[in-house]
Structures are given as structure tokens and as C-alpha cells.
Amino acid sequence: MKQEQDQAYWDEVSASFGEDGNYRLWRRHSDRVNRQMLEGWLRGQAVNRLLKTDLFDEATSAGLYPFLASLCSRVEGVDISIRAVEAAAAKYPELKTHLADLRELPFKDHTFDCVVSNSTLDHFQHNEDIHLAISELFRVTRPGGYLLVTMDNLQNPMVWLRNHLPQALLQKAGIVPYYVGRTLTRSGLVKALRRAGFETLESRAIMHCPRAVAVARAGAVQKSGDADAQNGFLERLLRWERLGQWPSRYFTGYFVAVRARRPK
């Protein structure tokens, strides 16, 4: 997809998710898992200026911004969708938002102490776009700064199968709600980061609950309107993250996460 087509498409997705509340409970779980991971990686770090590489979460749910703002002096976010940018800015006026493509960021070199990229790089159509975006993230990260990135995990058999089936079929069947792009294996992501100039510090797998079943169940629990049932369901979902300590974690996690640093 060309940049103009990308923007139009993600404008439509952001608008539809803003109107459709069926995913609210599931997104609360997703936000919580990402917060827990990022808290361990960011707590105690000196982060003044932080970049978040998309605003879809902030536009359609609480997102990660309130948490990130509690740890950093200044949080900025970019998105290719004007609808996502406007919705996030309206919800969080103190969040500095930018309409931009990750492959061509509007920032000077060495601008950010940290970049958080949660499931953004896995929506491109070609691997070359992923590498180009990573190079841009390296450029805007200051020496000694960090990149915290998650992508769809191809070691998970369900993710591998999904990524090898026709997109049109998956969306028509309701298996995926929007375009799922290319992703990299864990080793491929590490190699791509190192090729751009980052040094990789650690990796992990997150989001271990069976996704299709969990998303469907989350929708049903949400529609019940029972706050206690919803909170109890979220607690049960979170227990699945214990699999992140198992040797089989890269076969059960739906996302692979890597913490990397730009050398000083």
C-alpha cells in the first residue's frame, strides 16, 4: 500500500474502532500486559523525551499514554491516521501528536531518550518497509537511548498460520479485524535491529492466552455490563502470562518483545 492508501485505510479502521465498543475489554487486557512489561524495562531509567510509534491504542482505548506520562517528562506520538491523531489529541491534550509515517519521521537526529513501538512495525506490506522504519527509529534515538519494540511472533503456530492465509479471507471470516502485515522472526528482528545499529539487550514473549477464544469471550463478558465479571475475567486472562516464564514461551506468546539500545 502506498502512503496515501495507508493513511486512508487506517483512518477508516480508527473510525470504525472508535464507534465499535466490542473490543474495549480485550484492549484493557492488552494495555495491561504491555504496561507490566514496559514498567520493568523503564522503571529507574532516565527518560526525558519519549516517542510512541502509533496512537491507535490511545484513540480506541485508554492506551499506554497515562502510564508512560507517569514515567517520562514528555511523551510524543506519531500515527499515519489523521483520525487516530485527532482522537488521541482530544482525549489527551497534553500528549504531543504528529501525523507522520514511520518510514519518514519529522524529527531531528538523536531526539528521543526512548522509543516505544508496540505492534506497529508488523502492519507493513513488505519487509523492506520494516527495515526502513527501524533505521528511522535508530536515527531519532539519542546515543544511549532505548527502543522497546513488539511484533507479531512467527514462532507461535497460530500467528504463523494466520500470516500465511489470504488476508481477504481472514477479514471476511472475522478472524482479524484489520490488515495484518509482514513480521519478522525473533532472530530476524534481532538481526534487523543490529543491522540498523542497535545493540539488543533482552527479548521475551507476551500475550499468551489463546487469542481467538479470549477475544470472543471478552466481547461476551463486556456485553454483560457486569463490572465484577469483567474484572474477574481480566484477572484470569492475566494468569496466562505466567507462560512467559516457561521454556515454551516463544511458541505460546502472540508477540515477541525486544529491548534494544543505541550505543553511546
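If you're wondering where the values come from, they're calculated on a predicted model, not measured in any experiment.

Enquirer: Any chance you could explain the environment of Val75 here in plain terms?
Expert: Mapping Val75 onto the fold places it in strand 2 (residues 74–79). For Val75, a relative accessible area of 6% gives the class buried. Sequence spacing of Val75 and Gly63 is twelve residues, and the spatial spacing of their C-alpha atoms is 13 Å. Residues in contact with Val75, not counting those within four places in the same chain, are Leu50, Tyr65, Leu68, Ala69, Leu95 and Lys96.

Enquirer: Sorry, what's going on with helix 2 (residues 24–42) here?
Expert: Between the first and last C-alpha of helix 2 there are 26 Å, a value that for 19 residues agrees with the 27 Å anticipated at 1.5 Å per step. Buried within helix 2 we find Leu25, Trp26, Arg27, His29, Ser30, Asp31, Val33, Asn34, Met37, Leu38, Trp41 and Leu42. One or two residues past the end of helix 2 sits Gly44, with phi positive at roughly 90°.

Enquirer: What is the right way to read the environment of Arg83 from this model?
Expert: Among the structural elements, Arg83 can be located in helix 5 (residues 82–91). The contacts of Arg83, once residues within four sequence positions are left out, are Asp11, Ser14 and Ala15.

Enquirer: Even after reading the chapter, I still don't get the packing of helix 6 (residues 127–140) against helix 9 (residues 186–196), so can you show me in this structure?
Expert: When two helices pack together, their arrangement is given by the angle between the helix axes and by the axis-to-axis distance. Orientation of helix 6 relative to helix 9, taken along the N-to-C sense of each, is 50°, at an axis distance of 9 Å. The angle between the axes of helix 6 and helix 9 places the two elements in the oblique class. Helix 9 is crossed by helix 6, and the crossing has right-handed handedness. Where helix 6 abuts helix 9, its residues His131, Ile134, Ser135 and Phe138 lie against Leu189, Ala192, Leu193, Arg195 and Ala196. Of the residues contributing to the contact of helix 6 with helix 9, the split by class is six nonpolar, two polar and one charged.

Enquirer: Where do I start with the pattern of salt bridges in this structure?
Expert: If the charged atoms of two oppositely charged side chains come close together, the side chains can form a pair. The tally for this structure, following the rule as stated, stands at 17 salt bridges. Between Arg139 and Asp109 there is a salt bridge, with its nearest N and O atoms 2.9 Å apart. With Arg139 in helix 6 and Asp109 in the loop between strand 3 (96–99) and strand 4 (112–118), this pair connects stretches of sequence that are 30 residues apart. You can call Asp109 partly exposed: its relative accessible area is 46%.

Enquirer: Where do I start with the packing of helix 10 (residues 211–224) against helix 11 (residues 227–239) in this structure?
Expert: Where helix 10 meets helix 11, the axes come as close as 9 Å, and the angle between the chain directions of the two elements is 165°. What the angle tells us is that helix 10 and helix 11 run roughly antiparallel. Our pair here, helix 10 against helix 11, has a crossing hand that is left-handed. Where helix 10 approaches helix 11, its residues Ala214, Arg217, Ala218, Val221 and Gln222 are matched on the opposing element by Ala229, Gln230, Phe233 and Leu237. Tallied by class, residues from the contact of helix 10 with helix 11 come to six nonpolar, two polar and one charged.

Enquirer: I'm lost on the packing of aromatic side chains in this one. Help?
Expert: The geometry of an aromatic ring pair is captured by two quantities: the separation of the ring centres and the angle between the planes. What the rule picks out here adds up to three aromatic pairs. Relative to Tyr92, the ring of Tyr65 has its centre 5.0 Å away and its plane inclined at 45°; by these criteria the two rings are tilted. Of this pair, Tyr65 sits in helix 4 (residues 65–71) while Tyr92 sits in the loop between helix 5 and strand 3, and the two are 27 residues apart along the sequence. The exposure classification of Tyr65 matches that of Tyr92, with both residues buried. With a centroid separation of 5.1 Å and an interplanar angle of 90°, the aromatic rings of Phe138 and Phe198 are classed as edge-to-face. One end of the pair, Phe138, is in helix 6; the other, Phe198, is in the loop between helix 9 and strand 6 (199–206), with 60 residues separating them in the sequence.

What counts, and where the lines are drawn
- Chains are numbered independently. Their residues run from 1 in the order of the written sequence.
- Owing to the predicted nature of the model, reporting of local features is limited to residues with pLDDT of at least 70; listing and counting of side-chain atom pairs is limited to 80 or more, with chain, interface and lining totals taken over all residues.
- Heavy atoms from the whole structure form the basis of all side-chain values; hydrogens and water molecules are not counted.
- Here a strand is any run of E in DSSP of at least two residues, a helix any run of H or I of at least four, and the numbering for each starts at the N terminus.
- Throughout, exposure labels follow a simple rule: accessible area from a 1.4 Å probe, protein chains only, divided by the maximum for the residue type, with under 20% read as buried, over 50% as exposed, and the rest as partly exposed.
- The criterion used for residue contact is that any of the two residues' heavy atoms lie within 4.5 Å.
- A helix is expected to reach a length of 1.5 Å times the quantity of its residues less one.
- Interaxial angle, 0 to 180 degrees, is taken between N-to-C directions of lines fitted to C-alpha atoms, where a helix line uses only the stretch in contact.
- Roughly parallel here means an angle under 35 degrees, roughly antiparallel means over 145, roughly perpendicular means 65 to 115, and every remaining angle is called oblique.
- Note on convention: near helix rotated counterclockwise from far helix by under a right angle means a left-handed crossing. Clockwise means right-handed.
- The nonpolar class holds Ala, Val, Leu, Ile, Met, Phe, Trp, Tyr, Cys and Pro. Asp, Glu, Lys and Arg form the charged class, and all remaining residues, Gly among them, are polar.
- Any carboxyl oxygen of Asp or Glu that lies within 4 Å of a side-chain nitrogen of Lys or Arg is treated as forming a salt bridge with it.
- Centres within 6.5 Å make a pair out of two Phe, Tyr or Trp rings, where for Trp the six-membered ring is used; the pair is then stacked when the planes are under 30 degrees apart, edge-to-face when over 60, and tilted otherwise.

Geometry only, nothing functional implied.
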